[in-house]
Amino acid sequence: MKTIVTNIGMLATPKGSGPKKGPEQGKIEILKDAWVLMEDGLVSQVGTGPAPAADQTIDAQGHLVTPGLVDAHTHLIFGGWRQNELGMKLHGKTYLEIQNAGGGIQSTTNATRQATEEELTQKAAQALDEMMGFGVTTMEAKSGYGLATEHELKALQVIKNLNDRHAMDIVATFMGAHLVPAEYKANRAEYIRLVCEEMMPKVKEQGIAKYCDVFCEADTFTMEESRQVLEAGLKYGLTPKIHADEIEAIGGSQLAGEIGAISAEHLIVCPPEGIASMAKGGTIACLLPATSFYLGAVFAPARDMVNAGVPVAMATDFNPGSCPCLNLQFVINLGCLKYKLTPEEVLTAVTLNAASAIGMADKVGSLEPGKQGDLVIWDAPDLDYICYRMGSNLVRSVVKKGAVVR
Ligand SMILES: [Zn+2]
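Each value, and the rule that gives it
Residues numbered from 1 in each chain as written. Predicted model: local features only at pLDDT ≥ 70, side-chain atom pairs only at ≥ 80, totals over all residues. Heavy atoms only, no water. Donors = N, O, S within 2.8 Å, 3.2 Å for Na, K, Ca; no water. Tetrahedral: all angles 85-135°; square planar, octahedral: opposite > 155°, others 65-115°. Helix = DSSP H or I, 4+ residues; strand = E, 2+ residues; numbered from the N terminus. Buried < 20%, exposed > 50% of the residue type's maximum accessible area, 1.4 Å probe, protein only. Pairing = 2+ DSSP bridges. Axes fitted to C-alpha atoms, helices over the stretch in contact; angles between N-to-C directions. Expected span 1.5 Å × (residues − 1). Contact = heavy atoms within 4.5 Å. Parallel < 35°, antiparallel > 145°, perpendicular 65-115°, else oblique. Left-handed = near helix turned anticlockwise from the far one by under 90°. Nonpolar A, V, L, I, M, F, W, Y, C, P; charged D, E, K, R; others polar.

1. With respect to the coordination of the zinc ion
Ideal values for angles at a metal depend on the geometry: 109.5 degrees with four tetrahedral donors, 90 or 180 degrees with six octahedral donors.
Alright, step 1. Around the zinc ion, the protein contributes the donor atoms His 73 (NE2), His 75 (NE2), His 243 (NE2) and Asp 317 (OD), at 2.0 to 2.6 Å from the metal centre.
Alright, step 2. Classification of the site at the zinc ion rests on its four donor atoms, whose angles at the metal span 77 to 163°, yielding the label irregular.
Alright, step 3. Mapped onto the sequence, the donors of the zinc ion take the spacing H-x1-H-x167-H-x73-D. With His 73 in the loop between β6 (69-71) and α1 (84-90) and Asp 317 in the loop between β13 (312-314) and α12 (328-337), the pair connects residues that are 244 residues apart, well separated along the chain. Just as His 73 is buried, Asp 317 falls in that class too.

2. What about the sheet that holds strand β11 (residues 263-266)?
Each strand in a sheet pairs with another by means of backbone hydrogen bonds, the pair being arranged parallel or else antiparallel.
Alright, step 1. Spatially, β6-β7-β8-β9-β10-β11-β12-β13 is the arrangement adopted by the eight strands of the open sheet, whose pairing is parallel. Each edge of the sheet is formed by a strand with only one pairing partner; in this case those strands are β6 and β13. Pairs of neighbouring strands in the sheet enclose a mean axial angle of 25°, with direction left out of account.
Alright, step 2. In the sheet, strand β8 (residues 169-177) pairs with strand β9 (residues 211-215) via three bridges, with the strands oriented parallel. Bridged to Phe 174 within β9 is Cys 212.

3. Quick word on helix α6 (residues 188-206)
Alright, step 1. Over its 19 residues, α6 extends 25 Å from the first C-alpha to the last, a length consistent with the 27 Å expected when each residue adds 1.5 Å.
Alright, step 2. Buried within α6 are the following residues: Tyr 191, Ile 192, Leu 194, Val 195, Cys 196, Met 199, Met 200 and Val 203.
Alright, step 3. Residues of α6 that are buried sit in contact with α5 (149-165), β8, β9 and α7 (223-235).
Alright, step 4. Downstream of α6 by a residue or two, Gly 207 has a phi angle that is positive, lying close to 75°.

4. Things to note about the packing of helix α8 (residues 252-259) against helix α9 (residues 272-281)
Alright, step 1. Interhelical geometry of α8 versus α9 gives an angle of 15° and a closest axis separation of 7 Å. It follows that α8 is roughly parallel to α9 by the angle criterion. Two packed elements cross with a definite hand, and for α8 against α9 that hand is left-handed. Judged by residue contacts, Ser 253, Gln 254, Ala 256, Gly 257 and Glu 258 of α8 engage Glu 273, Gly 274, Ser 277, Met 278 and Gly 281 from α9.
Alright, step 2. When the residues that make up the contact of α8 with α9 are grouped by side-chain class, the tally is two nonpolar, six polar and two charged.

And the structure:
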C-alpha cells in the first residue's frame, strides 16, 4: 500500500539516525512544495514538485509537515492525580508540609499500588490519546510509582499493554529507584538492595524495560547510590539514564558521562564539569522546561550544552506532581523562549535527538527513506509559526506508520 502526503507548503526535518550536537543540531532540511511517499508504513521517498502516484493521497493543503514528535521522558503510569495540592502550594505550604499532610509522591505511590493493571492501562491510554493529538507519535514511559517488586512489574506490564494496543510507540524504562518508599525510610540500603537484587532480575526476565533510570538528588539517591543502581542495571542489560541536577548538583551529570548514560534528564542546575562529562561520554541532555516552569525554577543551561557539543533533547516530564503537562507544543515554546534555542534546534530536540535518547533514531525522528511514516501536518505555514504561537493545539492531523490516526 502506497500513501502519499502531497501539497506540503514546508517540510522541516532533521536528517540522520543518531543525535545531532553543536552547530549540527540547528541544521535541518527545509523543502518547499514537497511530498512524502510511504510504502507499507515506511517512508520510501521524499521530494519536491510533481508528486508520484500512490494508492492513497493525503493533501497537506500547503501546510507545514514535520516528523512525528518524540516525547523522551514521561512518568506516564500512575494512579490518581494531586490537584488538591495546588491550593496548599498557593497558601505557601512547603513540599515537606504537603507530604506530611498525606500528599506528595508517596500519595501517588499509594494510589498506583491500589490500582489494577487494567485501571492503570485505561487511565494511561487516555493520556496517550491526548499526547497523540498534540503531535507525539513515539514516547518513553517510566515505572517508578510502584516502588515494590510486584507494582514495578505491573507498571512495566501496563506500558507493554499500551504499546500493543495503542498506535503510539512506547519505550519502557525501569525506575524502581525513583525514591525510597516510606516503609524503607529507616533502611535505605535495604531498598537499594531490593531494587538491584530482587527487582532487576525480574525486570530482565519480564523483558519489557530497555532502560534503567535513577533519581540522583539530595533527598533521594546520592551519586554513589545512583552509580550502584545504574551499574546493577547494566548487569541486567538495562542501559543507564539518570535524573540529575534538578534541584542540587550533587554529581549526577558527571556520573552520566562517566558511566556512559544514554541520557541525563532535567539538568536544571548542571555545572560546567557536568556538561564537560556528558560531552565526553556522549550523553544526550534531555531537558524538561515545563517542569522548570511549573516549579518556578530556573531553566537548564541549554545553550552552554549545545556550545559544548552535548546533543540536546526536550521532553514533557509528564507526571502528577512537578509537571502535569503532556503538551510537547508548550515545551517547544519554552525551548525557544527560555532556552533561547532556535526553531531549528528545537525541532531536532523534540524529534531526532529525543528519538536518539530512547534508542529509536533508526526508526523515527526524521522524514527520510527507511524511517517510519510518522508525521504531523500542522495548522501552520512554517516552522517559526509553531514556535511562536502559544496555548493552541496547532495539529491538523497525525500520520503514524503511513496511516492517519488523528
Ligand atoms: Zn522525570
